[in-house]
Amino acid sequence: MRTAKIVALTTILGLQAGAAYSAELTIGELHPITGPASFYGLPESRGVQLAVDEINDAGGIKIGDESYTIKLVTEDSQAKPTIAVAGLKKLQAESVKYLIGPLSSGVAPGLMPIIEKSDMTQIIDGSIADGLTNGKNIFRNQATVTGYDKAVLKLFKAKKYKSVGFMTDRFHAGLMGTQETLSDALSKMGTTVAQQEYYKLGDTDFSAAMTNVAGKNPDVLVIRGYPAEGALITKQARQLGFQGQIVWEMVAPPSTVLKNIPAEQMAGVYNCIPPTVEDYVKLDDAKAKALADAYKKKFGEPVGELTGLSYDAVYILKAAFEKAASTENAKVNEAMAGLMATDIDGLVTRYTPQDDGRLFDEKGQVDLQGIVSVWKGKAWEPAELGN
């Protein structure tokens, strides 16, 4: 009897040891966890964590006959190119073959040549700069700046604005990359570009630039960049007597906005970005509500505006692994390129499939375009533009 008990105990311990040492699949993530863009990056990182936890709790990723649990390795880019490159090289030194991130359009272009020459697979969940994907080993489930700009053009067409002044973050590579194209498109619609001024992340005094813009008295002031500066520009524009419409083109969590401007001074400001988790929650979307609830429960804060994209990126990778039935990057890349939108369970964001039903186009880019929102009370709400 004693021998039987020992054998049984040994068997149980062996099973437990086998479970504890099941196969692992390492995924890296690179976001600004600290620094001036952490209000974007930390919620992104948390979105990745939530998806990883869900997948692991459900038994991991089934690849062929084996199940893998995900091991997540996080690096902090601080939204600084040199630190991001160092973080990427550290991940590569640790043999990380799969990467989610980065956020900043000032960071991603510096990583692209390194990743293109490697055997790493990347899903960009934050940066919106055009031309960052190749459809081979670099993919993106975030919109491009061009996708954002389409919402701006839709707004101008609906409202028939006659003139516009710009305030653009000169170090935002994505926005600067389409500044001329957007201006030309507005001009062709009959809108006069009255003035273009520039600033940088971290600036607090915009009086000189805004005096130049206000002096031209445009119908609209378009602010392109980040929300802390956007709020301060909006406040200072009103203080200088600007009475025109103000339009933002930036991901702008209300919590960040309201740290820099009273809610009443934001009334009626438009914003042109793709839908966020909160937008889907307002549509009573079950997946968005589940993510928002899980985020609040785990972190004690409202879900971030980019959290859904980072969360989705993990499930996109999972689908590619399972479709490839392999952990080899070449096979996973091929599977990723061929993923049908219907192949992926758990997505929060509503991506528009390509004409053939695939999630990504031939360059590895999803179809995700901006919508127009308007500030009401203390938050953004869908804007009614009519016909």
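Quick caveat: nothing in here was measured; it's all calculated off a predicted structure.

Undergrad: Explain the nonpolar core here, please?
TA: Side chains of nonpolar character tend, in soluble globular proteins, to be buried together. Counting residues in each nonpolar core, the largest one holds 60 residues, and the members touching the most others are Val-314, Ile-316, Leu-317, Phe-321, Met-336 and Ile-344. Leave out the neighbours within four places in its chain, and Val-314 touches Val-48, Ala-51, Val-52, Ile-55, Ile-70 and Ile-100. Counting residues in hydrophobic clusters, the runner-up holds 24 residues, among them Phe-206, Met-210, Ile-223 and Ile-233.

Undergrad: Any chance you could explain the packing of aromatic side chains here in plain terms?
TA: Aromatic ring pairs are reported here in terms of the distance separating the ring centres and the angle at which the planes meet. Within the structure shown, the criterion is met by ten aromatic pairs. On the basis of an interplanar angle of 90 degrees and a centroid distance of 5.6 Å, the ring pair of Tyr-199 and Phe-206 is categorised as edge-to-face. Using a relative accessible area of 3% as the deciding quantity, one classes Tyr-199 as buried. Phe-206 sits in the buried class, given a relative accessible area of 2%. Ring geometry for Tyr-295 versus Phe-299: centroids 4.9 Å apart, planes at 55 degrees, classification tilted. Taken together, the residues span about one helical turn, with Tyr-295 and Phe-299 both in helix H11 (residues 286-299) at a distance of four residues. Neither residue differs from the other here; Tyr-295 and Phe-299 are each classed as buried. One aromatic cluster is present, built from ring pairs that chain together Phe-39, Tyr-40 and Tyr-226.

Undergrad: How do you make sense of the pairing of strand S3 (residues 66-76) when you look at a structure like this?
TA: When a strand is regular, its side chains alternate between the sheet's two faces. Examined bridge by bridge, strand S1 (residues 24-31) and S3 share eight bridges and lie parallel to one another. Counterpart to Glu-29 in the pairing with S3 is Thr-74. With three bridges connecting them, strand S2 (residues 61-63) and S3 associate as antiparallel partners. Residue pairing in the sheet places Lys-62 in a bridge with Ser-67 of S3.

Undergrad: Explain empty space enclosed by the protein to me, please; I cannot follow it from the model alone.
TA: Take a probe with the size of a water molecule and roll it over the atoms, and the empty space left behind shows itself. Summed over the entire model, instances satisfying the criterion amount to two cavities of 30 Å³ or more. Space inside the largest cavity adds up to approximately 140 Å³. Taken together, 16 residues make up the lining of the largest cavity; nearest its centre are Tyr-40, Ile-128, His-172, Tyr-226 and Val-251. Here the residues of the lining of the largest cavity sort into nine nonpolar, six polar and one charged. Estimates place the volume of the second largest cavity at around 110 Å³. When grouped by side-chain class, the residues that make up the lining of the second largest cavity number eleven nonpolar, four polar and one charged.

Undergrad: Where do I start with the sheet that holds strand S7 (residues 163-169) in this structure?
TA: Within a sheet, adjacent strands bond to each other through the backbone by hydrogen bonds, running parallel or antiparallel. If you walk across this open sheet you meet the seven strands as S8-S7-S9-S10-S11-S12-S13, and the pairing is mixed. The two strands at the open ends of the sheet, each matched to only one other strand, are strand S8 (192-199) and strand S13 (379-382). Across the sheet, the mean angle separating the axes of adjacent strands is 25 degrees when strand polarity is ignored. Examined bridge by bridge, strand S10 (residues 245-249) and strand S11 (residues 270-273) share two bridges and lie parallel to one another.

Undergrad: In this structure, what is going on with the packing of helix H2 (residues 38-57) against helix H12 (residues 307-324)? I would like to understand it.
TA: At a minimum axis distance of 7 Å, the contact between H2 and H12 shows a crossing angle of 40 degrees. When the axes of H2 and H12 are compared, the pair comes out oblique. Remark: the crossing between H2 and H12 carries right-handed chirality. Across the interface between the two elements, Pro-43, Glu-44, Gly-47, Val-48, Leu-50, Ala-51, Val-52, Glu-54 and Ile-55 from H2 touch Thr-307, Ser-310, Tyr-311, Val-314, Tyr-315 and Lys-318 from H12. Grouping the amino acids of the contact of H2 with H12 by side-chain chemistry returns nine nonpolar, three polar and three charged.

Undergrad: Would you mind going over the pattern of salt bridges with me for this structure?
TA: When the charged atoms of two side chains lie near each other, side chains of opposite charge can form a pair. Counted by the stated rule, this structure contains 14 salt bridges. Across the pair Arg-46 and Glu-301 runs a salt bridge whose closest N-O atoms are separated by 3.0 Å. On the criterion of sequence distance, the pair formed by Arg-46 in helix H2 and Glu-301 in the loop between H11 and H12 is long-range, its members being 255 residues apart. Exposure remark for Arg-46: the relative accessible area of 13% places this residue in the buried category. Exposure remark for Glu-301: the relative accessible area of 39% places this residue in the partly exposed category. As a salt-bridge pair, Lys-298 and Asp-53 come within 3.7 Å of each other at their nearest N and O atoms. Residue Lys-298 is found in helix H11, and its partner Asp-53 is found in helix H2; the two are separated by 245 residues along the sequence. What makes Asp-53 partly exposed here is its relative accessible area of 30%. Via salt bridges that share partners, Asp-149, Arg-224 and Glu-249 belong to a single interconnected network.

Parameters and conventions
Here the residue numbers are simple positions, counted from 1 along each chain's written sequence. In keeping with the predicted nature of the model, local features appear solely for residues at pLDDT of at least 70, side-chain atom pairs appear and are counted solely at 80 or more, and the whole-chain, interface and lining totals rest on all residues. The side-chain values count all of the structure's non-hydrogen atoms but skip hydrogen atoms and water molecules. We call a set of buried Ala, Val, Leu, Ile, Met, Phe, Trp, Tyr and Cys residues a nonpolar core when their side-chain atoms join them within 4.5 Å. We call a residue buried when its accessible area falls under 20% of the maximum for its residue type, exposed when it is over 50%, and partly exposed in between, using a 1.4 Å probe and counting protein chains only. Contacts are residue-level and defined by heavy atoms, with any inter-residue pair within 4.5 Å sufficient. Aromatic rings from Phe, Tyr and Trp, with only the six-membered ring used for Trp, were paired whenever their centres fell within 6.5 Å, and each pair was classed as stacked if the ring planes differed by under 30 degrees, edge-to-face if by over 60, and tilted otherwise. Strands are runs of DSSP state E lasting at least 2 residues, helices are runs of H or I lasting at least 4, and numbering of each runs from the N terminus. Pairing between strands requires that DSSP locate at least two bridges from one strand to the other. The way it works is a 1 Å grid over only the protein atoms, where trapped points that fit a 1.4 Å probe form a cavity and open points with protein on both sides within 12 Å along at least five of seven lines form a pocket, and then any residue with an atom within 4 Å of a point lines it. Grid points are joined across faces, edges and corners, and a volume is the space filled by probe spheres set on the points. Note that Gly is not counted as nonpolar here; it falls among the polar residues with everything else outside the nonpolar set of Ala, Val, Leu, Ile, Met, Phe, Trp, Tyr, Cys and Pro and the charged set of Asp, Glu, Lys and Arg. Axis definition: a line fitted to C-alpha atoms, limited for helices to the stretch in contact. Angles are taken between N-to-C directions and run from 0 to 180 degrees. Oblique is the label for every angle not falling under 35 degrees (roughly parallel), over 145 degrees (roughly antiparallel), or within 65 to 115 degrees (roughly perpendicular). If you view the pair so one helix is near and one far, a crossing is left-handed when the near helix is turned anticlockwise from the far one by less than a right angle, and right-handed when it is turned clockwise. Think of a salt bridge as a Lys or Arg side-chain nitrogen and an Asp or Glu carboxyl oxygen that are within 4 Å of each other.

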